[in-house]
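Chains, contacts and geometry: an overview
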Amino acid sequence: MFEHKTERLLPFPLFVRRIAYSLLMAMGLIVGSLAIGICGYHYLEGLSWIDSLLNAAMILTGMGQVSPIQTTSAKLFATFYALFSGVLFLVAVSFLLAPIFHRLLHKFHLDDVDENADILTQERDEK
């Protein structure tokens, strides 16, 4: 997906496209996870669709449960959904930051390669 360290730095318009693609992937994960939460709260706890959306969104963002949970199966679902949401947050952030960190590190590597080439050229000229 990313260019190799020996390849040239990706042009900025393509880099913006890569960021947009990463944003779409992160948003897809979030929307899919929200759908899982909505269905879980609706079918396991019997909440209305809008209350299920509210509970799922609040758990997914780390804010906490809104409606009290009565059934054991819904409590188990809420527990695992909260753990899942914490991991999902880290994955979504890594999708967004990976292209930026890669570009930064790639640029540093290219600067090192340029400096090494200059040193080799100077040594060759001295001989």
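Residues numbered from 1 in each chain as written. Predicted model: local features only at pLDDT ≥ 70, side-chain atom pairs only at ≥ 80, totals over all residues. Heavy atoms only, no water.

This part covers the overall build of the chain. When helices and strands are counted, the chain shows three helices and zero strands. The N-to-C order of helical and strand elements in the chain reads α-α-α. A buried classification covers 24% of the 127 residues belonging to the chain. (Helix = DSSP H or I, 4+ residues; strand = E, 2+ residues; numbered from the N terminus. Buried < 20%, exposed > 50% of the residue type's maximum accessible area, 1.4 Å probe, protein only.)

Let us now look at helix 1 (residues 12-45). Spanning 34 residues, helix 1 covers 48 Å between terminal C-alpha atoms, matching the ideal 50 Å at 1.5 Å per step. Within the span of helix 1, buried status applies to Phe15, Arg18, Ser22, Ala26, Ser33, Gly37, Ile38, Gly40, Tyr41 and Glu45. Looking one or two residues beyond helix 1, the residue adopting positive phi is glycine 46, at roughly 80°. (Expected span 1.5 Å × (residues − 1).)

Spatial relationships are all this shows, so hold off on functional conclusions.
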